[in-house]
Amino acid sequence: MYAERQALKPTFIPLCAPHLEGREWDYVRDCLDSNWVSSVGPYVTRFEKAMAQRLGVRGAVATVNGTAALHVALLACGVAPDDEVLVPTLTFIAPANAVRYCGAWPVFIDVDPHTWQMDVALVERFLRDNCKPDDGRLVNRRSGRRVAALLPVHLLGHPVDMDPLVALAKSYGLKVVEDATESLGSLYKGRPAGTQGDVSCLSFNGNKLITTGGGGMIVTNDQALVDRTYYLTTQAKDDPLEYVHNEIGYNYRLTNLQAALGCAQLERMDGYIEKKRAIAARYREAFPNVPSQAEAPWARATFWLYTVLIDKVDRREALRRLELQGIQTRPLWQPMHQSPAQRGAEVIGGAVAESIHRRALSLPSSVGLSESDQQRVVAALHEILA
Ligand SMILES: *Cc1c(COP(=O)(O)O)cnc(C)c1O
């Protein structure tokens, strides 16, 4: 009976699974054979160099995960206790938490209804109307706190409109820390996303475009920030022989084993991007009347997770019905201004994020998703929406 049921059960289609079909085994075996498994080793350096070259930036520092990268990037940009950092309210919680790790406060900004990215017009209005210069600093009139940085999150494989944001940061004397964890490989006006701000953070978690199991990276064009983030991620060691530390540092480095995976994954990344875009194109064609995240004319998105907005049925109901057919989908994250974990933080707007959140459903988007499996997803969702 059990075997029968198993045989009838359709194969499971995951939301976004890793794709490990390159030289991962060779490189990991090389680590084991050479006895270089820990956080110093040739693959760490090689992965950092290869990524910096791929993105056309000066330097990269590999970290234990993307959240740690964000934490250290914010510290290196001088974000201090009781400062404020502007973060989109529609995001995975990691960037908001990273701000809190610094003892600083996020100010949540609503998102654009088309691209779902941090609303640059709202940022501009907040800086102009809600803040005032004070002794060379920018201060939020309401909280009295210093506004230190902008933290745009390139959501779901689509870049944020960075040029006006960087211009605002310049004119107000703010740092820009980019969260490019979901949008590695996407392009902003022909340039790699995650290379416009002062410093940018990547993630190689299992569901990201490329994976090291868990891992992250800080990338920047500023050599001082390369040095500073390297220092902070390696326990702020000032004298490696005598173990002298002048500051509180962190054990945030990536291991050679993980970096070996990263090197192999990066070799395949261009193909992965095209796979994701092809998946998105097929979904778009299959659901011409179902709203989804728009691709701005200045963007080339990777569509990390292809996400639709469902109006006809409750999206929780759609999720459950797809799950019964072995199809894994996912809602977007609870907007940060509604998150109990982020209580007390200010929000500017929020209705757009709430409306997207109420209806959003991310569809299976694995690099390895076959066309026949995608057809199954399409057919199942068509039936639900009919
Ligand atoms: C994945 C992700 C991160 C980093 O996640 P880690 O699991 O710590 O690598 C940060 N921000 C966003 C928006 C993410 O999606």
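For the structure itself, look to the data block above.
What comes next concerns the included structure.

Among the 16 residues in the neighbourhood of the ligand, the closest are listed as Thr-67, Asp-179, Glu-182, Ser-203 and Lys-208. In this structure, Gly-66 approaches the ligand through a main-chain N or O atom, which is 2.8 Å from an oxygen atom. Within the side chain of Asp-179, a nitrogen or oxygen atom sits 2.7 Å from a nitrogen atom of the ligand. In the complex, the protein chains occlude 91% of the 380 Å² of accessible area that the ligand would expose alone. When residues of the shell around the ligand are traced back to their parent elements, those giving at least two are helix 4 (66–76) and helix 5 (94–101). With 3 residues, the single largest contributor to the shell around the ligand is helix 4. Taken together, the residues that form the shell around the ligand break down as 5 nonpolar, 8 polar and 3 charged.

This part covers the environment of Val-153. Its location among the elements puts Val-153 in the loop between strand 6 (147–150) and helix 7 (162–172). Val-153 gets classed as buried once you look at its relative accessible area, which sits at 2%. With residues near it in sequence (within four places) discarded, Val-153 still touches Pro-88, Thr-91, Pro-95, Gln-117, Val-160 and Asp-179.

Here the focus is empty space enclosed by the protein. Under the defined criterion, the tally for this structure stands at 2 cavities of 30 Å³ or more. Looking at the largest cavity, its volume works out to about 60 Å³. Lining the largest cavity are 14 residues, and of these Ala-17, Pro-18, His-19, Lys-208 and Leu-209 lie nearest its centre. In terms of domain composition, the lining of the largest cavity takes at least three residues from each of domain 1 (24–267) and domain 2 (269–385). The space that makes up the second largest cavity amounts to roughly 40 Å³.

Our focus in this paragraph is the pairing of strand 11 (residues 216–220). Along any regular strand, the residues point their side chains to alternate faces of the sheet. Among the 5 residues in strand 11, 5 count as buried, and that is most of the element. Because side chains alternate across strand 11, one face comprises the buried residues Gly-216, Ile-218 and Thr-220, and the other comprises Met-217 and Val-219, equally buried. One ladder, built from 5 bridges, connects strand 1 (residues 59–63) with strand 11; its direction is antiparallel. From the neighbouring strand, Ala-60 faces strand 11, where its bridge partner is Val-219. Pairing geometry for strand 10 (residues 199–203) and strand 11, over 4 bridges, is antiparallel.

Here we come to the packing of helix 4 against helix 8 (residues 223–233). Following both chains from N to C, one finds helix 4 and helix 8 inclined at 125°, their axes separated by 9 Å at the closest point. By the angle between their directions, the pair helix 4 and helix 8 is classed as oblique. When you trace helix 4 past helix 8, the crossing you get is right-handed. On helix 8, the residues that touch Val-72, Ala-73, Leu-75 and Ala-76 of helix 4 are Leu-225, Arg-228, Thr-229, Leu-232 and Thr-233. In terms of residue class, the contact of helix 4 with helix 8 is built from 6 nonpolar, 2 polar and 1 charged.

Thresholds, definitions, all that
- Residues numbered from 1 in each chain as written.
- Predicted model: local features only at pLDDT ≥ 70, side-chain atom pairs only at ≥ 80, totals over all residues.
- Heavy atoms only, no water.
- Near = heavy atom within 4 Å.
- Polar contact = N/O pair within 3.5 Å; in protein donor to acceptor, adjacent residues only side chain to side chain.
- Areas by Shrake-Rupley, 256 points an atom, 1.4 Å probe, with all protein chains shown as cover.
- Helix = DSSP H or I, 4+ residues; strand = E, 2+ residues; numbered from the N terminus.
- Nonpolar A, V, L, I, M, F, W, Y, C, P; charged D, E, K, R; others polar.
- Buried < 20%, exposed > 50% of the residue type's maximum accessible area, 1.4 Å probe, protein only.
- Contact = heavy atoms within 4.5 Å.
- 1 Å grid on protein atoms, 1.4 Å probe; cavity = no way out; pocket = protein on both sides within 12 Å on 5 of 7 lines; lining within 4 Å.
- Points joined across faces, edges and corners; volume = space filled by probe spheres on them.
- Domains from an automatic or database assignment.
- Pairing = 2+ DSSP bridges.
- Axes fitted to C-alpha atoms, helices over the stretch in contact; angles between N-to-C directions.
- Parallel < 35°, antiparallel > 145°, perpendicular 65-115°, else oblique.
- Left-handed = near helix turned anticlockwise from the far one by under 90°.

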